[in-house]
Amino acid sequence: MSVKRNCFDEIRLTLAIVVFFSHAQEISGAFMWGEFFDFNFAIKGFFAISGYLVTKSYFSSASVYDFFEKRIRRIYPAYIAVIGYCFLVGFFVTSLSVAEFLSSSSLYKYLIFNLVFLNFLQPSIPGAFEGWSISAVNGSLWTIKIEIMLYLLIPLIVFLYRKIGTRAGFCVMFAGGVLWFTYFTHGFDLPMGAVLARQFPGQLPYFAMGSFLAAKEIRSEIRYALLLISSVYILCDVPSGISDYANMIMYPLFVIGLAQIGSLSIGVGRVGDLSYGVYLFHFPTLQMFKYFSLFEVYPYFSLLSAALVTFSLAYASWVFVERPFLRRSSHYVHESARDK
């Protein structure tokens, strides 16, 4: 039986690189790329692809337990590793003495809260990056808790697909996310509204759209037409009031439509799934480079060095942490075996 080719690995790695460059600009202050590297687009693209892939994974799982076991195997080992990396970064850059650092209650709050995905309760490590505009050791981790919450919704989403139909089930989930986003964007008159709008379930429309595309078989000619429409949309300068909602449909159509073009695949999966590691490890690496003022002296050399460190950590994480926890049936285990 032939296996349908796609380039999800390549698209996810590209989105992770976009996030890297976006944060490099924000953290270093040495680069002026504007919106060329759009963090928001990349994050929403990740949620859309996640909705697509985990829905496929749920359909292929023997049980709900089987599905969640696979998710834990894929997410948690590398997540633990990056919390350890953040601890080491904090240890080397803290202004506190070793004794003060290791006896600080804030340090243990950081470790405990972050290990259970509640990074917003303690995003910083004592004495590290204090007084900075971004004092969080790893400002990328806020999306992981949303990802986990979206995973927990998958059994409900699929139940609705089977109970009331795929289109109706999608509409329920999509509308729920839109209502949350709308209320906290336009109806919640406090500064925290913008923050809450992007939290769970504010990202649900992107995830739900990805899930719908996984559950609903769409003919290839229609897929290409939708990809063309979404590509034109992305090139247009759409007013923010409209784009806030249009993005919920167009971003998933674009990234998933592009990822389904098998001819774009260059075999990234044979190296491993580095996108997750790049996403996890890049932020504290960039923070550390800024701490040593490297961006001020050698901006582009430092950018290249930070990228090399990030990719090296991502690869090491993949080989020594992530891959050993995957099942033998994993796509990446098979891809790696093809090169042996």
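Structure shown above.
These remarks concern the structure in this document. Remember, it's a predicted structure, so these values are computed and weren't measured experimentally. (Residues numbered from 1 in each chain as written. Predicted model: local features only at pLDDT ≥ 70, side-chain atom pairs only at ≥ 80, totals over all residues. Heavy atoms only, no water.)

### So, the environment of Leu280
Tracing the sequence through the fold places Leu280 in helix α12 (residues 274–291). On the basis of relative accessible area, Leu280 is assigned to the buried category, the value being 0%. Excluding its chain neighbours within four sequence positions, the residues that come into contact with Leu280 are Ala78, Tyr79, Val82, Asn138, Leu141 and Ile144. (Helix = DSSP H or I, 4+ residues; strand = E, 2+ residues; numbered from the N terminus. Buried < 20%, exposed > 50% of the residue type's maximum accessible area, 1.4 Å probe, protein only. Contact = heavy atoms within 4.5 Å.)

### What to know about the nonpolar core
It is characteristic of soluble globular proteins that their nonpolar side chains tend to be buried jointly. Residues Ile144, Ile154, Ile256 and Leu280 are the most contacted members of the largest nonpolar core, which totals 90 residues. Leaving out residues up to four positions away in the same chain, Ile144 has contacts with Ile75, Tyr79, Phe117, Tyr276, Tyr279 and Leu280. With 12 residues, the next largest nonpolar core counts Phe20, Phe31, Phe283 and Phe295 among its residues. (Core = buried A, V, L, I, M, F, W, Y, C linked by side-chain atoms within 4.5 Å.)

### Notes on the packing of aromatic side chains
In the structure shown here, the tally under the stated rule is 33 aromatic pairs. When the ring of Phe8 is compared with that of Tyr52, the centres are 5.0 Å apart and the planes differ by 25°; the resulting orientation is stacked. Here the residue Phe8 occupies a position in helix α1 (residues 8–28), and Tyr52 occupies one in helix α2 (residues 39–59), the gap between them amounting to 44 residues. For the pair Phe8 and Tyr52, a shared accessibility class is recorded, and that class is buried. On the numbers, 4.7 Å between centres and 5° between planes, the contact of Phe31 with Trp33 is stacked. With a relative accessible area of 1%, Phe31 lands in the buried category. Over the ring of Trp142 we find Arg198, and its NZ or CZ is 4.0 Å from the ring centre. Against the face of Trp132 rests Lys290, its NZ or CZ located 4.5 Å from the ring centre. (Phe/Tyr/Trp six-rings, centres within 6.5 Å; stacked < 30°, edge-to-face > 60°. Lys NZ or Arg CZ within 6 Å of the ring centre and 35° of its normal.)

### A few points about the side chain of Thr285
Relative to the assigned elements, Thr285 resides in helix α12. What makes Thr285 buried here is its relative accessible area of 0%. Among the polar contacts listed, one links the side chain of Thr285 to the backbone oxygen of Phe281, at a separation of 2.8 Å. Those residues in contact with Thr285, other than ones at most four positions away along the chain, are Tyr85, Ala306, Val309, Thr310 and Leu313. (Polar contact = N/O pair within 3.5 Å; in protein donor to acceptor, adjacent residues only side chain to side chain.)

### A word on the environment of Gly277
Tracing the sequence through the fold places Gly277 in helix α12. Apart from residues lying up to four places away in sequence, Gly277 is in contact with Ala314 and Glu322.

### Digging into the pattern of salt bridges
Proximity of charged atoms lets side chains of opposite charge pair with each other. Following the criterion strictly, the structure yields 6 salt bridges and no others. A salt bridge links Arg12 to Asp273; the nearest nitrogen and oxygen atoms lie 3.6 Å apart. Pair noted here: Arg12 is in helix α1 and Asp273 is in the loop between α11 (240–259) and α12, with a separation of 261 residues, a long-range link. Comparing Arg12 with Asp273, the two get one shared label, buried. Among the salt bridges present, the one from Arg74 reaches Asp273, with a minimum N-O distance of 2.9 Å. (Salt bridge = Lys/Arg side-chain N within 4 Å of Asp/Glu carboxyl O.)

### Details of the packing of α2 against helix α9 (residues 204–215)
Where α2 contacts α9, the two axes come as close as 7 Å, and the packing angle between them is 40°. When the interaxial angle is binned, α2 and α9 end up oblique. Seen from above, α2 lies across α9 with right-handed handedness. Along its contact with α2, which presents Lys44, Phe47, Ala48, Ser50, Gly51, Tyr52, Val54, Thr55, Lys56 and Phe59, the element α9 presents Tyr206, Phe207, Gly210, Ser211, Leu213, Ala214 and Ala215. Considered class by class, the residues forming the contact of α2 with α9 number 10 nonpolar, 5 polar and 2 charged. (Axes fitted to C-alpha atoms, helices over the stretch in contact; angles between N-to-C directions. Parallel < 35°, antiparallel > 145°, perpendicular 65-115°, else oblique. Left-handed = near helix turned anticlockwise from the far one by under 90°. Nonpolar A, V, L, I, M, F, W, Y, C, P; charged D, E, K, R; others polar.)

### Things to note about a nonpolar patch on the surface
Taken together, Val98, Leu102, Tyr108 and Ile112 make up a surface patch of nonpolar side chains, about 370 Å² in accessible area. Mapped by element, the contributors of at least two residues to the nonpolar patch are α4 (98–103) and α5 (105–115). Assessed through its relative accessible area of 39%, Tyr108 is described here as partly exposed. (Patch = residues over 30% accessible without salt bridge, like charges linked within 9 Å, V, L, I, M, F, W, Y side chains within 5 Å. Areas by Shrake-Rupley, 256 points an atom, 1.4 Å probe, with all protein chains shown as cover.)

### Brief notes about α9
The end-to-end C-alpha distance of α9, which contains 12 residues, comes to 16 Å, matching closely the 16 Å that a straight helix rising 1.5 Å per residue would cover. For α9, the tally of buried residues reaches 11 of 12 residues, placing the bulk of the element in the interior. Among the residues of α9, those classed as buried are Leu204, Pro205, Tyr206, Phe207, Ala208, Met209, Gly210, Ser211, Phe212, Leu213 and Ala214. Buried residues belonging to α9 abut α2, α6 (142–164), α7 (166–187) and α11. (Expected span 1.5 Å × (residues − 1).)

### Looking at the packing of helix α3 (residues 64–93) against α6
Where α3 meets α6, the closest approach of the two axes is 10 Å, and the angle between their N-to-C directions is 170°. Between α3 and α6, the angle is such that the two are roughly antiparallel. For the pair formed by α3 and α6, the contact residues are Val64, Phe67, Phe68, Arg71, Ile75 and Tyr79 on the first element and Ile144, Ile148, Tyr151, Leu152, Ile154 and Pro155 on the second. Grouping the constituent residues of the contact of α3 with α6 by class yields 11 nonpolar, no polar and 1 charged.

These values are about where atoms sit, not about what they do.
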